[in-house]
Amino acid sequence: MKIAVIGSTNMDLVSYIDHIPEAGETREATEFHTACGGKGANQAIAAGRLGADVMMVTVIGDDLFGEKSMDNFLENNIDTNYVWTATDVASGVATIIVDDSSQNRILIHKGANSCLTPEVIEDAEAALGECGLIVLQLEIPMETVYAAIDMGNKLNVPVLLNPAPATKELSLEKACLCDFFIPNETELSILTGMPTGNIEEVKTAAQILVDKGLKNVIVTMGSKGSMWLSKDDYLVIPAEKVEAVDTTGAGDSYIGCFVENYSRTGSIPEAMKEASQYASFSVTRKGTQDSYLTRDEFDKLKK
């Protein structure tokens, strides 16, 4: 099954620091690096490294960051036929600060991601019709997200929506047209206005979305694992116990692994179990895509 990831591509500018500066404070970073990122690209790369057949639909800038992003897709065997380059537009950039407790703060400039319009989705219709799953996030224009959801329904291709970064402007009517809805616990709280500090609170908040008509709500909960709730199902998959170094991109690694496994097995529980393991292993390494394991690396760690 081919997977279409429609979403953002960024260059990550990552600084590591002992603790986050206060307002007006200047602190020295202990480490710095640049890396390919963006939620859409992250999810595509994670799935691709695990062996999935992935098509990326995105827009990059005509700059060095755009060139590096394109090279990165090609190196990871991603189909780039629908990776467009915007003229005289800078690539998207994410400035990331990671403290010594492995927590992160992220500032995003959308750049060329704003050029991913509904017209791009229309141009890709024939290719999307050959896919078995469409994967979306919210780092691109909302009208494009809605156009992609509508396209998936028109073509009878299942749609997975990762509502990140979360916004209350998201139409739940459109979300109900998706087959999978995968927020993290913070995003779930923003979308529902409910507390999500523990598993019972997460279940209560997720139930609100199911009651509104969402088909499969899967909530990633960090060290607490992940939860699946639908009209007829409830399941919690625990996370692996690991020593976290950098949690940046862990949610994207979960989704990338989930869609790769689900495309092979068709089993939500099996896909959740493997995705929880994959995401747990990713936080033991620094970086975002740099922390994503290949299939061989992952299989060795699972044994």
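Above this text is the structure in question.
If you're wondering where the values come from, they're calculated on a predicted model, not measured in any experiment.

Chemist: Where do I start with the packing of aromatic side chains in this structure?
Modeler: Aromatic rings considered in pairs are described by the distance between their centres and by the relative angle of their planes. One pass over the full model with this rule turns up eight aromatic pairs. A centroid spacing of 6.5 Å and a plane angle of 10° characterise the contact between Tyr254 and Phe258, whose relative ring orientation is stacked. You can see Tyr254 and its partner Phe258 sitting in helix α9 (residues 250-265), four residues apart, about one turn around the helix. Taking the centre distance of 5.1 Å and the plane angle of 80° together, the rings of Tyr278 and Phe298 count as edge-to-face. Residue Tyr278 is located in helix α10 (residues 268-282), and its partner Phe298 is located in helix α11 (residues 295-302); the two are separated by 20 residues in the primary sequence. The exposure classification of Tyr278 matches that of Phe298, with both residues buried. These aromatic residues form a ring-pair network of at least three members: Phe180, Tyr254, Phe258 and Tyr262. When the ring centre of Tyr16 is taken as reference, the NZ or CZ atom of Lys286 above it lies at 4.7 Å. Over the ring of Phe298 we find Lys302; its NZ or CZ atom is 4.8 Å from the centre of that ring.

Chemist: Would you explain the layout of surface pockets in this entry?
Modeler: Empty space left among the atoms is revealed by rolling a probe the size of a water molecule over them. By volume, the largest pocket is sized at about 1,300 Å³. Taken together, 48 residues line the largest pocket, and the ones lying closest to its centre are Asn104, Asn184, Thr247, Ala250 and Gly251. Broken down by secondary-structure element, the contributors of at least two residues to the lining of the largest pocket are β2 (10-16), α1 (39-49), β6 (92-98), β7 (104-109), α7 (185-192), α9 and α10. Taken together, the residues of the lining of the largest pocket sort by class into 19 nonpolar, 20 polar and nine charged.

Chemist: Help me out: how do you make sense of α1 in this one?
Modeler: A turn of α-helix holds 3.6 residues, and therefore any two residues three or four places apart point the same way. Of all 11 residues that make up α1, 10 are buried, and the element is covered over most of its length. Listing the buried residues of α1 in full gives Lys39, Gly40, Ala41, Asn42, Gln43, Ala44, Ile45, Ala46, Ala47 and Gly48.

Chemist: Where do I start with the pattern of salt bridges in this structure?
Modeler: It is possible for side chains bearing opposite charge to pair when their charged atoms get close. Using the criterion set out here, one finds 15 salt bridges in the structure. Across the pair Glu125 and Lys154 runs a salt bridge whose closest N-O atoms are separated by 3.0 Å. In this pair, Glu125 sits in helix α4 (residues 125-128) while Lys154 sits in helix α5 (residues 142-155), placing the two residues 29 residues apart along the sequence. Accessibility expressed as a relative area gives 25% for Glu125, which makes it partly exposed. Where Lys224 meets Glu185, a salt bridge forms, and the shortest distance between an N and an O atom there is 3.1 Å. Of the two residues, Lys224 sits in the loop between β11 (216-220) and β12 (226-230) while Glu185 sits in helix α7, which places them 39 residues apart along the sequence. Overlapping salt bridges, with partners in common, bring together Glu260, Arg264, Glu274, Arg295, Asp299 and Lys302 in one network.

Chemist: Teacher, can you tell me more about unusual backbone geometry here?
Modeler: Keep in mind that most residues, glycine aside, have a negative phi and that most peptide bonds are trans. Residue Pro165 is bonded to the preceding Ala164 through a cis peptide linkage, with omega at -5°. Relative to the assigned elements, Pro165 resides in the loop between β9 (159-161) and α6 (172-175). With phi around 60°, Asn77 is a residue other than glycine that occupies positive phi space.

Chemist: Would you take a moment to explain the sheet that holds β2 for this structure?
Modeler: Pairing between sheet strands relies on hydrogen bonds along the backbone, with the strands arranged either parallel or antiparallel. Strand order in the open sheet formed by four strands is β3-β2-β6-β7, and the pairing between neighbours is mixed. Looking at which strands have only one partner, the edges of the open sheet turn out to be β3 (31-37) and β7. Direction aside, the axes of adjacent strands within the sheet are offset by 20° on average. As defined by bridge partners, β2 adjoins β3 across seven bridges and the pair is classed as antiparallel. Pairing of Leu13 across the sheet is with Thr34, part of β3. Relative to the sheet, helix α2 (residues 64-75) contacts β2, β3 and β6, its axis offset from that of β2 by approximately 100°.

Cut-offs and rules
- Residues numbered from 1 in each chain as written.
- Predicted model: local features only at pLDDT ≥ 70, side-chain atom pairs only at ≥ 80, totals over all residues.
- Heavy atoms only, no water.
- Phe/Tyr/Trp six-rings, centres within 6.5 Å; stacked < 30°, edge-to-face > 60°.
- Helix = DSSP H or I, 4+ residues; strand = E, 2+ residues; numbered from the N terminus.
- Buried < 20%, exposed > 50% of the residue type's maximum accessible area, 1.4 Å probe, protein only.
- Lys NZ or Arg CZ within 6 Å of the ring centre and 35° of its normal.
- 1 Å grid on protein atoms, 1.4 Å probe; cavity = no way out; pocket = protein on both sides within 12 Å on 5 of 7 lines; lining within 4 Å.
- Points joined across faces, edges and corners; volume = space filled by probe spheres on them.
- Nonpolar A, V, L, I, M, F, W, Y, C, P; charged D, E, K, R; others polar.
- Salt bridge = Lys/Arg side-chain N within 4 Å of Asp/Glu carboxyl O.
- Pairing = 2+ DSSP bridges.
- Axes fitted to C-alpha atoms, helices over the stretch in contact; angles between N-to-C directions.
- Contact = heavy atoms within 4.5 Å.

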